[in-house]
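Residue strings, one per chain:
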Amino acid sequence: MNLWLELLLPFVLFIFAGPTIHQQLQELGGLDNITATPPGWPVSDDTVMHIATGEALASGKTDKEAMLLEIAAKYKECMKDMEGRKPGPTSILGTDLLQPDKPGGYIIPFNPTGTGCGAAMRSMCIGLRYSTPEDLDDLIMYSIESGRMTHNHPTGYLGSLASALFTSYAAQLKP
Ligand SMILES: *[C@@H]1O[C@H](CO)[C@@H](O)[C@H](O)[C@H]1NC(C)=O
């Protein structure tokens, strides 16, 4: 990996102009010339949090409160693996406030300045776990509750619901 690439990569996430992104991709030799492996291509903060959601769902907890506290614990734990990934302020603040050792510790105070899409970026696996029409109530509950563990503004946690719901629709082969 050359130095130029190493310096550039942390900033690619924050380029908002599509043509600029496409131009940079061409300069790297196009999509076929990229092998997305660490250390040059580390997974993002959102992927780390998505894995945390998946690990919690796979924990075998059946009680709802226990599952929500497990998700909270995984979110808190995964923030130790954010070196160089630039997690957003809402995720940093939210996970800091979670108290997975206490009853109800997955609920944080409302954040009037919350921003960001982090809740929507980590809930697709909820749509895989609760993928049938009969699972819909659980899908809604877990996507919203896990979303608002950090992003408790409606446009934050409803994004989490949308990601999970449309993943379940894909699993159901809905056209
Ligand atoms: C493909 O990527 C390598 C670095 O991984 C680079 O040295 C090479 O110049 C690239 N190829 C093209 C056609 O740009």
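Each value, and the rule that gives it
- Residues numbered from 1 in each chain as written.
- Predicted model: local features only at pLDDT ≥ 70, side-chain atom pairs only at ≥ 80, totals over all residues.
- Heavy atoms only, no water.
- Helix = DSSP H or I, 4+ residues; strand = E, 2+ residues; numbered from the N terminus.
- Buried < 20%, exposed > 50% of the residue type's maximum accessible area, 1.4 Å probe, protein only.
- UniProt positions renumbered as here; feature names shortened; annotations may be inferred.
- Contact = heavy atoms within 4.5 Å.
- Phe/Tyr/Trp six-rings, centres within 6.5 Å; stacked < 30°, edge-to-face > 60°.
- Lys NZ or Arg CZ within 6 Å of the ring centre and 35° of its normal.
- Near = heavy atom within 4 Å.
- Areas by Shrake-Rupley, 256 points an atom, 1.4 Å probe, with all protein chains shown as cover.
- Domains from an automatic or database assignment.
- Expected span 1.5 Å × (residues − 1).
- Polar contact = N/O pair within 3.5 Å; in protein donor to acceptor, adjacent residues only side chain to side chain.

**Some words on unusual backbone geometry**
Then step 1. Going from P38 to P39, the amide bond is cis rather than trans, its omega being 0 degrees.
Then step 2. Checked against the element boundaries, P39 lands in the loop between α2 (18–27) and α3 (45–57).
Then step 3. Residues other than glycine seldom take positive phi values, yet L173 does so here, at roughly 60 degrees.
Then step 4. By secondary structure assignment, the location of L173 is in the segment after α8 (154–171).
Then step 5. Given the relative accessible area of 73%, L173 is considered exposed.

**Quick look at the UniProt feature "binding site: Mg(2+)" (unreviewed entry) in the chain**
Then step 1. With numbering matched to this structure, UniProt assigns "binding site: Mg(2+)" (unreviewed entry) to S44, D45 and D46.
Then step 2. Looking at the secondary structure, you find D45 in helix α3.
Then step 3. If near-sequence neighbours (up to four positions away) are discounted, D45 is found in contact with M82, R85, K86, P87 and G88.
Then step 4. Inspection of the secondary structure assignment puts D46 in helix α3.
Then step 5. Dropping the residues within four chain positions of it, D46 is found in contact with G118, M121 and R122.

**Topic: the packing of aromatic side chains**
Then step 1. As enumerated under the stated definition, the model contains two aromatic pairs in all.
Then step 2. Ring geometry for Y130 versus Y142: centroids 5.4 Å apart, planes at 20 degrees, classification stacked. Taken together, the residues Y130 in the loop between α6 (124–129) and α7 (136–147) and Y142 in helix α7 connect sequence positions 12 residues apart.
Then step 3. Taken together, a centroid distance of 5.3 Å and an interplanar angle of 70 degrees make the contact between F166 and Y169 edge-to-face. Within this pair, F166 and its partner Y169 are both found in helix α8, separated by three residues, close to a single helical turn.
Then step 4. Overall, the relative accessible area of 53% leaves F166 in the exposed class.
Then step 5. Relative accessible area serves as the criterion here: at 27%, Y169 is assigned to the partly exposed category.
Then step 6. One residue, K174, lies across the ring of Y169, its end atom 4.9 Å from the ring centre.

**As for the site of the ligand**
Then step 1. Close to the ligand lie L28, G29 and N33, which account for all nearby residues.
Then step 2. Protein contact buries 29% of the 360 Å² of open area that the ligand shows by itself.

**Observations concerning the domain arrangement of the chain**
Then step 1. Here the chain is partitioned into domain 1 (3–33) and domain 2 (45–171).
Then step 2. Computed over C-alpha atoms only, the centres of domain 1 and domain 2 are separated by 29 Å.

**What to know about helix α4 (residues 64–78)**
Then step 1. Look at α4: 21 Å from first C-alpha to last across 15 residues, which is about the 21 Å you get at 1.5 Å a residue.
Then step 2. Taken residue by residue, α4 has M67, L68, L69, E70, I71, A72, Y75 and C78 as its buried positions.
Then step 3. Contact partners of the buried residues in α4: α3, α5 (89–97) and α7.
Then step 4. Among the residues of α4, the N-terminal cap falls to D63, whose side-chain oxygen and the backbone nitrogen of E65 are separated by 3.3 Å.

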